[in-house]
Amino acid sequence: MLLINCPYCGPRPEAEFVNGGQAHIARPANPMSLTDDEWAAYLYMRDNTKGLHHERWRHANGCGRFFNASRDTTTDIIKRTYRMGERPEAEHQGAKP
């Protein structure tokens, strides 16, 4: 079983977590000004990165808090987890946050 390091609770089994999709997606400042196509792109279009990808996770069966993880999609290895509001570490800045 994969252990995921919750930045609030520490390492826990993967069954306690839910993946929330791509991290660091900013909500449009004025959503009412978007066309239907622009709104649909914001809601549904995500990067399908091969390699390092920044994701939002929730410790659903634990503290219930959201956090971010930098995961390599080719190996499924989580390189780092970090709290909401933090940015990916400097060595990961080459990847699209």
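How each quantity is defined
Residues numbered from 1 in each chain as written. Predicted model: local features only at pLDDT ≥ 70, side-chain atom pairs only at ≥ 80, totals over all residues. Heavy atoms only, no water. Salt bridge = Lys/Arg side-chain N within 4 Å of Asp/Glu carboxyl O. Phe/Tyr/Trp six-rings, centres within 6.5 Å; stacked < 30°, edge-to-face > 60°. Helix = DSSP H or I, 4+ residues; strand = E, 2+ residues; numbered from the N terminus. Buried < 20%, exposed > 50% of the residue type's maximum accessible area, 1.4 Å probe, protein only.

Moving on, we come to the pattern of salt bridges. Oppositely charged side chains may form a pair once their charged atoms are brought near each other. With the rule as written, the count across this model stands at three salt bridges. Residues Arg 80 and Glu 86 are paired through a salt bridge, measuring 3.8 Å at the closest nitrogen-oxygen approach. Each of Glu 55, Arg 71 and Asp 76 takes part in a single network of salt bridges with overlapping partners.

This next bit is on the packing of aromatic side chains. By the definition in use, this model includes two aromatic pairs. Aromatic pair Phe 17 and Phe 67: ring centres 5.7 Å apart, planes at 85°, arrangement edge-to-face. With Phe 17 in the loop between β2 (10–13) and β3 (18–22) and Phe 67 in strand β5 (residues 66–72), this residue pair connects regions lying 50 residues apart in the sequence. The exposure classification of Phe 17 matches that of Phe 67, with both residues buried. Summarising the aromatic geometry, the rings of Trp 39 and Tyr 42 are spaced 5.2 Å apart at their centres and angled 40° between planes, so their arrangement reads as tilted. Here Trp 39 and its partner Tyr 42 are both found in helix α1 (residues 36–44), three residues apart, which amounts to about one turn of the helix.

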